[in-house]
Amino acid sequence: MTIDSRGPRFSAALTTVVLAIVLITGSGWLLLAQTLVFAVGALAGLRYHPYGLVYRHLVRPRLGPPSRTEAEAPPRFAQGVGMVFAAIGTVGFLTGVPVVGYVFAAFALGAAFLNAAFDYCLGFQMYLLIQRIRLAA
């Protein structure tokens with residue numbers, strides 16, 4: 001399945017805002033909510049991703065058709081990476097070890113910001129690297 005390549009970037013922008021609020025407030029519960037958003041994208045697929053639904057129904061109709069599409073697998077893998085980082089951060093915040101929460105939320109924020117601002121997805125790049133290693137082996 002292919003997706004509009006603008007959708008993951010829109011999702012990354014919303015994720016950036018949520019994670020910035022997490023870092024400002026230290027809210028483990030908000031980070032848990034973001035972890036669940038990542039989980040939906042990674043496990044159920046981008047078709048069901050909450051931010052993707054907002055993009056598909058409210059934003060994309062105003063932009064017109066995409067000039068390029070991409071495979072769903074790399075962004076879905078990136079959602080899985082985000083889910084792991086956010087989950088570790090959530091555990092840190094909710095178990096009284098906020099430094100772990102802040103560090104892992106900051107890593108996730110950095111990756112989301114790179115995608116939102118510069119269209120550079122670290123998870124996507126990780127996926128491609130893993131695929132190259134698999135093919136070489």
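Structure: see above.
The residue numbering used here restarts from 1 in each chain and proceeds along that chain's sequence as written. This being a predicted model, a pLDDT of at least 70 is required before a residue's local features are given, and a value of 80 or more before pairs of side-chain atoms are given or counted; all residues contribute to the totals for chains, interfaces and linings. With hydrogens and water set aside, each side-chain value is computed from the structure's full complement of heavy atoms.

## A few points about unusual backbone geometry
Backbone geometry places Asp119, a non-glycine residue, at a positive phi of 55°. Note on conventions: DSSP H or I runs of at least 4 residues are helices, E runs of at least 2 residues are strands, and numbering of each starts at the N terminus. Inspection of the secondary structure assignment puts Asp119 in the loop between helix H5 (98–118) and helix H6 (122–136).

## Considering the layout of surface pockets
By volume, the largest pocket amounts to about 710 Å³. Elements that contribute at least two residues to the lining of the largest pocket include exactly strand S1 (2–4), helix H1 (6–25), helix H3 (50–63), helix H4 (73–94), H5 and H6. It is H4 that provides the largest number of residues to the lining of the largest pocket, a total of six residues. Computed over the protein atoms alone on a 1 Å grid, cavities are sets of points where a 1.4 Å probe fits but cannot get out and pockets are open sets with protein on both sides within 12 Å along at least five of seven lines; a residue lines them when it has an atom within 4 Å of a point. Grid points are joined across faces, edges and corners, and a volume is the space filled by probe spheres set on the points.

## Considerations on the nonpolar core
Think of a nonpolar core as a cluster: buried Ala, Val, Leu, Ile, Met, Phe, Trp, Tyr and Cys residues, connected wherever their side-chain atoms sit within 4.5 Å. Per-residue accessibility, obtained with a 1.4 Å probe over protein chains only, is compared with the maximum for each type, and a residue is labelled buried under 20%, exposed over 50%, and partly exposed between these values. The biggest cluster of nonpolar side chains holds nine residues, and these are Leu19, Val22, Leu31, Phe38, Ala86, Phe93, Ala105, Ala108 and Leu109. For this core, the elements supplying multiple residues, two or more each, are H1, helix H2 (28–44), H4 and H5. With three residues, H5 is the single largest residue contributor to this core. The contact definition used throughout considers only heavy atoms, calling two residues in contact when any of these lie within 4.5 Å. Those residues within four positions of Ala105 in sequence are excluded, and the remaining contacts are Leu19, Val22, Leu23 and Leu31.

## Quick look at a nonpolar patch on the surface
Two distance rules govern patches: like charges are joined within 9 Å, and nonpolar side chains (Val, Leu, Ile, Met, Phe, Trp, Tyr) within 5 Å, applied only to residues with over 30% relative accessible area and no salt bridge. The Shrake-Rupley method, run with a 1.4 Å probe, gives the accessible areas here. Residue values count only the displayed protein chains as cover. Salt bridge criterion: a side-chain nitrogen from Lys or Arg within 4 Å of a carboxyl oxygen from Asp or Glu. On the surface, a nonpolar cluster with roughly 350 Å² of combined accessible area is contributed by Val97, Val99, Val103 and Phe107. Its place among the elements puts Phe107 in helix H5.

## Quick notes on the packing of aromatic side chains
The pairing test for Phe, Tyr and Trp rings, Trp by its six-membered ring, is centres within 6.5 Å, and the orientation test on the planes gives stacked under 30 degrees, edge-to-face over 60, and tilted for anything in between. Tallying each qualifying case throughout the model produces seven aromatic pairs. Relative to Phe107, the ring of Phe104 lies with its centre 6.2 Å away and its plane at 80°, an arrangement referred to as edge-to-face. With a gap of three residues between them, Phe104 and Phe107 both fall in helix H5, about one helical turn apart. Given a relative accessible area of 22%, Phe104 falls into the partly exposed group.

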